[in-house]
2 protein chains.
Amino acid sequence: MKALQDKILKEGKVYPGNILKVGSFLNHRIDVSFLMEMGKTIALLYGETGVNKILTIETSGIPIAFAAAFYMNVPVVFAKKSKTKNIAGETYVEPVESFTHGEVYDAFVSKEFLTADDRVLIVDDFLANGKALVCLSKLCEDAGATVVGAAIAIEKGFQHSGDRLRMEGMRIESLAIIESMDGNTITFRE
Amino acid sequence: MKALQDKILKEGKVYPGNILKVGSFLNHRIDVSFLMEMGKTIALLYGETGVNKILTIETSGIPIAFAAAFYMNVPVVFAKKSKTKNIAGETYVEPVESFTHGEVYDAFVSKEFLTADDRVLIVDDFLANGKALVCLSKLCEDAGATVVGAAIAIEKGFQHSGDRLRMEGMRIESLAIIESMDGNTITFRE
C-alpha cells in the first residue's frame, strides 16, 4: 500500500534495536481516516474468503482490526493480556512475548467468543518476531477455529518471521514490508 | 440511547461487586456496526463544539473512541498505561486506579500528541468511580488543552461520580446510565 509506505517515510522514526515508532498515526495518535483506508484495503484482500471474525491482541492491533472489520461487516475479538496466572474460568490461554517490551504475557480469549465455527482473519499492527501471530493462531487452534490468514499493517521483513510463516502455509498480507532500516533510511520490499 | 439499553438488558451479565460484563459487544468481542451507531450518536451530541481530538485510555475505550472519531472526522489519542516508572522522556503522566482490577497505573501521553491548541472530547466505555475520566482531564490540563466534555458508553449512575463531575461543571454525555443493578435486574436512569 503505497500510501502507507509514504506515511512511514514521512512520519516514522527509527530507534536503536530495530524499533520503528509510528505513534503519530498507528498506535498512540490514531489517524482514523487513514486507518479506515487501511481497513478497506484489508477487506479487499480478504473479500471472498468467508471470514466471519477478526482476531487481534490488545492494544495497538485494535484500531486497524476495527477498521477492517467495519468494511468486512464482521465482529472483532481481541485477546487480552495478563501477567497474572489467575485468569478466570472459561478462556483459551497462550503465552506471548512482546517484541518491544521483552516481557512474557498470557494472552486469553473467552471460549464463548472464539469457536469451531469461526473462520478467522488475524489482524495486527506489526509483524516483527511473529510471536503475537503464532500466539493468536494457537488460540484459534485451541478453539478449533479456522485461520483464513493474517493482515498486518507493517511487517519487518528483515526479521523473516513472515517469510517463515508463509513457508509453513499461512497466508499473510502485509500492507508495508520493510526490507531494511539503516539509521533513518527505510527500504521497502516491492 | 434506547438500543444500547436494550443491548445491555439482552447481553449484559451482572457479577458480584457491581461488575457489569458486556464483553459480548463492547470490550472483548466488539460489535463493530453497533459501536459505529454509538459513535454516530456521540458525534451528533458533540457536533457543534469544535472538538479537534478524541482522548481515551487503553484498552477498552479505543473501539468506541475510534467510532466517534470517524464520524467527527478527528484523530484519536489513547493514553497508555504503565506500571513501570521509567517512562521515556517527553510525556505527560498521571496516576489512575482501575475500578475493575483495583491496581494503580501511570497513564501517559506523548507531549507531541496533546497540546494547548487541542479541544478535546474524552471518550470511554465505562464511567464507574470516575478515576479514568479525572486522569484524562488532568492529562489535558497538563497539556493546556481544553476539555470540551466527555462521552461515555455506560455510566454506573449509582456510583454518582458522573453526577459529581457534572456538578463541578464538566459536560458528560452517557449513552446509557444505570441507576441500579440488583442481581440481574438492571434499571436505567431516564
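You'll find the structure just up there.
Residues numbered from 1 in each chain as written. Chains lettered and ligands numbered in written order. Predicted model: local features only at pLDDT ≥ 70, side-chain atom pairs only at ≥ 80, totals over all residues. Heavy atoms only, no water.

### Observations concerning the relation of the copies chain A and chain B
Reasoning step 1: Mapping chain A onto chain B leaves a residual RMSD of 0.0 Å; the transformation is a rotation of 180 degrees accompanied by 0.0 Å of translation along its axis. Expressed as a symmetry operation, the mapping of one chain copy onto the other fits a two-fold axis. Minimal C-alpha separation from the rotation axis in chain A is found for A:Thr59, amounting to 2.9 Å.
Reasoning step 2: The share of interface residues of chain A whose copies in chain B are also at the interface is 100%, consistent with both copies meeting through the same surface. (Least-squares fit on C-alpha atoms with pLDDT ≥ 70 in both. Contact = heavy atoms within 4.5 Å.)

### Digging into the packing of helix 3 (residues 62-72) of chain A against helix 3 (residues 62-72) of chain B
Reasoning step 1: Relative to each other, helix 3 of chain A and helix 3 of chain B sit at 55 degrees, their axes nearing to 10 Å. Judged by the angle between their axes, helix 3 of chain A and helix 3 of chain B are oblique. Between helix 3 of chain A and helix 3 of chain B the crossing geometry is right-handed. In contact with A:Ile62, A:Pro63, A:Phe66 and A:Ala67 of helix 3 of chain A, helix 3 of chain B contributes B:Ile62, B:Pro63, B:Phe66 and B:Ala67.
Reasoning step 2: Within the contact of helix 3 of chain A with helix 3 of chain B, the residues separate by chemical class into 8 nonpolar, no polar and no charged. (Axes fitted to C-alpha atoms, helices over the stretch in contact; angles between N-to-C directions. Helix = DSSP H or I, 4+ residues; strand = E, 2+ residues; numbered from the N terminus. Parallel < 35°, antiparallel > 145°, perpendicular 65-115°, else oblique. Left-handed = near helix turned anticlockwise from the far one by under 90°. Nonpolar A, V, L, I, M, F, W, Y, C, P; charged D, E, K, R; others polar.)

### Here we look at empty space enclosed by the protein
Residue and element names in this part refer to chain A.
Reasoning step 1: For the coordinates displayed, the defined rule picks out 1 cavity of 30 Å³ or more.
Reasoning step 2: Volume-wise, the largest cavity comes out at about 30 Å³.
Reasoning step 3: Surrounding the largest cavity, Ile122, Asp124, Phe126, Ala132, Leu133, Leu136 and Ile152 form its lining.
Reasoning step 4: For the lining of the largest cavity, the residue count by class is 6 nonpolar, no polar and 1 charged. (1 Å grid on protein atoms, 1.4 Å probe; cavity = no way out; pocket = protein on both sides within 12 Å on 5 of 7 lines; lining within 4 Å. Points joined across faces, edges and corners; volume = space filled by probe spheres on them.)

### Quick notes on the packing of aromatic side chains
Reasoning step 1: Under the definition given, this model contains 6 aromatic pairs over all chains.
Reasoning step 2: Aromatic pair A:Phe25 and A:Phe34: ring centres 5.8 Å apart, planes at 85 degrees, arrangement edge-to-face. Comparing A:Phe25 with A:Phe34, the two get one shared label, buried.
Reasoning step 3: With centroids separated by 6.1 Å and ring planes inclined at 50 degrees, the aromatic side chains of A:Phe70 and B:Phe70 adopt a geometry described as tilted. Of this pair, A:Phe70 sits in helix 3 while B:Phe70 sits in helix 3, on two different chains.
Reasoning step 4: In this structure A:Phe70 comes out as partly exposed when scored by relative accessible area, which is 28%.
Reasoning step 5: An aromatic cluster is present here, built from A:Phe70, A:Tyr71, B:Phe70 and B:Tyr71 joined pairwise through their rings.
Reasoning step 6: The ring of B:Phe34 has B:Lys7 sitting right over it, with the charged end atom 4.8 Å from the ring centre. (Phe/Tyr/Trp six-rings, centres within 6.5 Å; stacked < 30°, edge-to-face > 60°. Buried < 20%, exposed > 50% of the residue type's maximum accessible area, 1.4 Å probe, protein only. Lys NZ or Arg CZ within 6 Å of the ring centre and 35° of its normal.)

### Examining the pattern of salt bridges
Residues and elements named next belong to chain A.
Reasoning step 1: Applying the stated criterion across every chain, the model contains 24 salt bridges over all chains.
Reasoning step 2: Two residues, lysine 2 and aspartate 6, come together in a salt bridge whose shortest N-O distance is 3.0 Å. Of this pair, lysine 2 and aspartate 6 both sit in helix 1 (residues 2-11), 4 residues apart, which is roughly one turn of that helix.
Reasoning step 3: Among the residues examined, lysine 2 registers a relative accessible area of 56% and is labelled exposed.
Reasoning step 4: Look at aspartate 6 and you get partly exposed, because its relative accessible area is 37%.
Reasoning step 5: One continuous salt-bridge network, built from bridges that share partners, spans Glu155, Asp163, Arg166, Glu179 and Arg189. (Salt bridge = Lys/Arg side-chain N within 4 Å of Asp/Glu carboxyl O.)

### Some details on the pairing of strand 10 (residues 172-182) of chain A
Put simply, side chains in a regular strand alternate between the two faces of the sheet.
Residue and element names in this part refer to chain A.
Reasoning step 1: Pairing of strand 9 (residues 146-156) with strand 10, which is carried by 6 bridges, proceeds in the parallel orientation. Paired with isoleucine 152 across the strands is serine 174, a residue of strand 10.
Reasoning step 2: Inspection of the sheet shows strand 10 paired to strand 11 (residues 185-188) by 4 bridges, in the antiparallel sense. Paired with aspartate 182 across the bridge in strand 11 is threonine 185. (Pairing = 2+ DSSP bridges.)

### Focus: the environment of B:His28
Reasoning step 1: Position of B:His28 among the secondary structure elements: in the loop between strand 2 (19-21) and strand 3 (29-30).
Reasoning step 2: In this structure the C-alpha to C-alpha distance between B:His28 and B:Arg171, which are 143 residues apart in sequence, comes to 28 Å.
Reasoning step 3: Apart from residues lying up to four places away in sequence, B:His28 is in contact with A:Val76, A:Val77, A:Phe78, A:Lys80, A:Phe108, A:Val109, A:Ser110, A:Phe113 and B:Gly23.
Reasoning step 4: At a separation of 3.0 Å, a polar atom in the side chain of B:His28 contacts the main-chain carbonyl oxygen of A:Phe78.
Reasoning step 5: Here A:Ser110 takes part through its backbone nitrogen, which lies 3.0 Å from a polar atom of the side chain of B:His28. (Polar contact = N/O pair within 3.5 Å; in protein donor to acceptor, adjacent residues only side chain to side chain.)

### Describing the interface of chain A and chain B
Reasoning step 1: Counting residues at the interface gives 29 residues for chain A, matched by 29 residues for chain B.
Reasoning step 2: With both sides pooled, the region where chain A packs onto chain B buries about 2700 Å², and carbon together with sulfur makes up 72% of that total.
Reasoning step 3: Per-residue buried area on chain A facing chain B is highest for A:His28, A:Val32 and A:Phe66; these three make up 29% of the total on that side.
Reasoning step 4: Across the contact surface, chain A and chain B share 2 salt bridges.
Reasoning step 5: A salt bridge links A:Lys13 to B:Glu112; the shortest N-O distance between them is 3.6 Å.
Reasoning step 6: Across the chain A-chain B interface, the total number found is 11 residue pairs in polar contact (both at pLDDT 80 or more).
Reasoning step 7: Counting residues per element, the side of chain A that touches chain B draws most heavily on helix 3 of chain A, which supplies 6 residues.
Reasoning step 8: A per-class count over the side of chain A that touches chain B returns 18 nonpolar, 6 polar and 5 charged.
Reasoning step 9: Pairing of strand 3 (residues 29-30) of chain A with strand 5 (residues 76-82) of chain B, which is carried by 2 bridges, proceeds in the antiparallel orientation. Its bridge partner being in strand 5 of chain B, A:Ile30 is matched across the sheet by B:Val76. (Buried area = accessible area lost by both parts, 1.4 Å probe.)

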